[in-house]
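What the coordinates show
Here are the chains, one letter per residue:
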Amino acid sequence: MALSSEDRVREAASLIGMPIPEHDIKEIAARFTALIESFRSLDDLELQHELPYHTDLSEAQHE
């Protein structure tokens, strides 16, 4: 049986010893679910040849 989003939050909080008030569990679960969905959308990106910031490495290689 799969855990609900709320149960996953409770379990994760318990594992790291982080108390989360019960009235916040639903909101945290919704935010966590949205975050995971955002990460999954990154699976389709091809970033193998992309640098995370601008560099002048291409100019330095030609010197």
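Quick caveat, the model's predicted, so the values are computed rather than measured. Chains are numbered independently. Their residues run from 1 in the order of the written sequence. Selection of residues for local features in this predicted model requires a pLDDT of at least 70, selection of side-chain atom pairs for listing and counting requires 80 or more, and totals for whole chains, interfaces and linings are taken over all residues. By convention in this description, side-chain values take in all heavy atoms of the structure and omit both hydrogens and water.

1. Describing helix α1 (residues 5-16)
With twelve residues, α1 extends 17 Å from end C-alpha to end C-alpha; this agrees with the ideal 16 Å at 1.5 Å per step. Each helix is a run of H or I in the DSSP string that is no shorter than four residues. Each strand is a run of E no shorter than two, and both are numbered from the N terminus. Just downstream of α1, Gly17 is the residue with a positive phi angle, here 75 degrees. Expected helix span is given by 1.5 Å per residue-to-residue step, counting one fewer step than there are residues.

2. Some remarks on the confidence of the model for the protein
The predicted coordinates ought not to be read in detail in places where the model reports low pLDDT. Taken residue by residue, the protein gives an average pLDDT of 83. The fraction at 70 or more is 75%. pLDDT expresses how confident the predictor is about each individual residue, on a scale running from 0 to 100. Here helix α3 (residues 57-61) is the element of the protein with the lowest mean pLDDT, 55, and α1 is the one with the highest, 94.

3. Some points on a nonpolar patch on the surface
Side chains of Phe32, Leu35, Phe39, Leu42 and Leu45 sit close together on the surface and give an oily, nonpolar patch of about 490 Å² of accessible area. Tracing the backbone through its elements, the reader meets Leu35 in helix α2 (residues 22-41). On the basis of relative accessible area, Leu35 is assigned to the partly exposed category, the value being 41%. Patches here are clusters of residues that have more than 30% relative accessible area and form no salt bridge, with a 9 Å joining cutoff for like charges and a 5 Å cutoff for nonpolar side chains (Val, Leu, Ile, Met, Phe, Trp, Tyr). Note on areas: Shrake-Rupley, 1.4 Å probe, and residue coverage restricted to the protein chains presented here. For salt bridges, the criterion is a side-chain nitrogen of Lys or Arg within 4 Å of an Asp or Glu carboxyl oxygen. Note on exposure labels: buried denotes an accessible area under 20% of the residue type's maximum, exposed denotes more than 50%, and partly exposed covers the range between, all computed with a 1.4 Å probe on protein chains only.

4. Some details on the nonpolar core
We call a set of buried Ala, Val, Leu, Ile, Met, Phe, Trp, Tyr and Cys residues a nonpolar core when their side-chain atoms join them within 4.5 Å. With five residues, the main nonpolar core is built from Val9, Ala13, Ile20, Ile25 and Ala29. Where this core is concerned, the elements lending two or more residues are α1 and α2. Discounting residues that sit within four places of it in the chain, Ala29 has contacts with Ser5, Glu6 and Val9. Contact between two residues is taken to exist if any of their heavy atoms lie within 4.5 Å; hydrogens are not considered.

5. Focus on the pattern of salt bridges
For the structure on display, the rule yields three salt bridges. The residue Glu27 makes a salt bridge to Arg31 at a minimum N-O spacing of 2.6 Å. Linking Glu27 with Arg31, this pair stays in helix α2, spanning four residues, or about one helical turn. Assessed through its relative accessible area of 43%, Glu27 is described here as partly exposed. Classification of Arg31 by relative accessible area gives exposed; the value is 59%. In the salt-bridge network here, residues are joined through shared partners; they are Asp7, Arg10 and Glu22.

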